[in-house]
Amino acid sequence: AQIKRLVALKEFIPRDISTRQADGKVVLLDEDSAMFYQWGMDRFVTEAQILAQFDHPNIIRVVSYFHANGTAYFAMDYVAGKSLDQLLREQVAFDQETLLNVWLIPLLHGLNEVHDKSYLHRDIKPANILVTDTGIPRLIDFGAACFAMGDEIRRTGDIVTPAYAPVEQYGTDHPLGPWSDIYALGATLYRARHAQH
């Protein structure tokens, strides 16, 4: 049975090590990259599996994931809007009330859902917040997300976005936790508030 639903499709195709053939199949440019390609595809599928666990208005929702054409895909709810990063580049001004009531509180509720399932996002920044055409903020891009249990946190590699990542993401001396995501969200909204100043 077909379900008529508009979705956004995300495909794993790292351009530096793979390409698409005329028949649509994704192939490696160099067979020496096979292990790295598989590792990346596994992380991509993990992102889909993490997102599929959430049904929250402030987290983008994955409805399915699958392998085809030598790669992996996942389908997310299609949401019309722009990233906060795009809005900032367009020099859209944001008042304090919008940032606090319309964005911060809902995003904190979304993050609470993420943290309640023992995950960390680890890469909150303007590019990873989608603002829908109706003004609702949604967390997107959970590619850096990890299960927040002991050393599992650091196993996926160091993810650091300067100006948004907390100090604990720059090394192994300090533990990561929900506070790390809260810091990054605070830095993101600070950037939005002071973009015009």
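So, here is what we can say about the structure in this document.

Rules and cut-offs
- Residues numbered from 1 in each chain as written.
- Predicted model: local features only at pLDDT ≥ 70, side-chain atom pairs only at ≥ 80, totals over all residues.
- Heavy atoms only, no water.
- 1 Å grid on protein atoms, 1.4 Å probe; cavity = no way out; pocket = protein on both sides within 12 Å on 5 of 7 lines; lining within 4 Å.
- Points joined across faces, edges and corners; volume = space filled by probe spheres on them.
- Helix = DSSP H or I, 4+ residues; strand = E, 2+ residues; numbered from the N terminus.
- Expected span 1.5 Å × (residues − 1).
- Bend = angle between axes of the 7 residues up to and from the residue.
- Buried < 20%, exposed > 50% of the residue type's maximum accessible area, 1.4 Å probe, protein only.
- Contact = heavy atoms within 4.5 Å.
- Core = buried A, V, L, I, M, F, W, Y, C linked by side-chain atoms within 4.5 Å.
- Salt bridge = Lys/Arg side-chain N within 4 Å of Asp/Glu carboxyl O.

1. As for empty space enclosed by the protein
Stage number 1. For the structure shown, the criterion picks out 2 cavities of 30 Å³ or more.
Stage number 2. If you add up the space inside the largest cavity, you get close to 40 Å³.
Stage number 3. Arg-122, Asp-123, Ile-124, Thr-161, Tyr-164, Ala-165, Gln-169 and Ala-184 together form the lining of the largest cavity.

2. What to know about helix α3 (residues 96–116)
Stage number 1. The first and last C-alpha atoms of α3 sit 28 Å apart over 21 residues, in line with the 30 Å expected at 1.5 Å per residue.
Stage number 2. Of all the bends in α3, the greatest reaches close to 35 degrees and is centred on Leu-104; the proline Pro-106 follows between one and four positions later.
Stage number 3. Residues of α3 that are buried: Leu-99, Trp-103, Pro-106, Leu-107, Gly-110, Leu-111, Val-114 and His-115.
Stage number 4. Close packing links the buried residues of α3 with α2 (84–89), β7 (119–120), β8 (129–132), β9 (137–139) and α4 (178–193).
Stage number 5. Among the residues trailing α3, Ser-118 stands out with phi positive, at a value near 65 degrees.

3. Thoughts on unusual backbone geometry
Only a minority of non-glycine residues have a phi that is not negative, and only a minority of peptide bonds are not trans.
Stage number 1. Its identity as a non-glycine residue notwithstanding, Asn-69 has a phi of 55 degrees, on the positive side.
Stage number 2. Note that Asn-69 resides in the loop between β4 (62–68) and β5 (71–77).
Stage number 3. One non-glycine residue, Arg-122, adopts positive backbone phi at about 70 degrees.
Stage number 4. For Arg-122, the position within the fold is in the loop between β7 and β8.

4. Remarks on the nonpolar core
Stage number 1. Counting residues in each nonpolar core, the largest one holds 42 residues, and the members touching the most others are Phe-94, Trp-103, Ile-129 and Phe-142.
Stage number 2. Elements with a minimum of two residues in this core: β3 (26–28), α1 (34–51), β5, α2, α3, β8 and α4.
Stage number 3. A total of 7 residues in this core trace back to one element, the largest contributor, which is α1.
Stage number 4. Beyond its immediate stretch of four places on either side in the chain, Trp-103 contacts Leu-84, Phe-94, Thr-98, Val-131, Gly-135, Pro-137 and Leu-189.

5. Things to note about the side chain of Glu-47
Stage number 1. For Glu-47, the location among the structural elements is in helix α1.
Stage number 2. Classification of Glu-47 as buried rests on a relative accessible area of 5%.
Stage number 3. Leave out the neighbours within four places in its chain, and Glu-47 touches Lys-10, Phe-74, Asp-141, Phe-142 and Gly-143.

6. Considering the pattern of salt bridges
Stage number 1. In the structure shown here, the tally under the stated rule is 8 salt bridges.
Stage number 2. Of the charged contacts, one joins Lys-82 and Glu-90 as a salt bridge, the two residues approaching to 2.9 Å between their closest N and O atoms.
Stage number 3. Among the residues examined, Lys-82 registers a relative accessible area of 33% and is labelled partly exposed.
Stage number 4. Residue class for Glu-90 comes out partly exposed when judged on its relative accessible area of 43%.
Stage number 5. Residues participating in the shared-partner salt-bridge network are Arg-5, Arg-61 and Asp-77.

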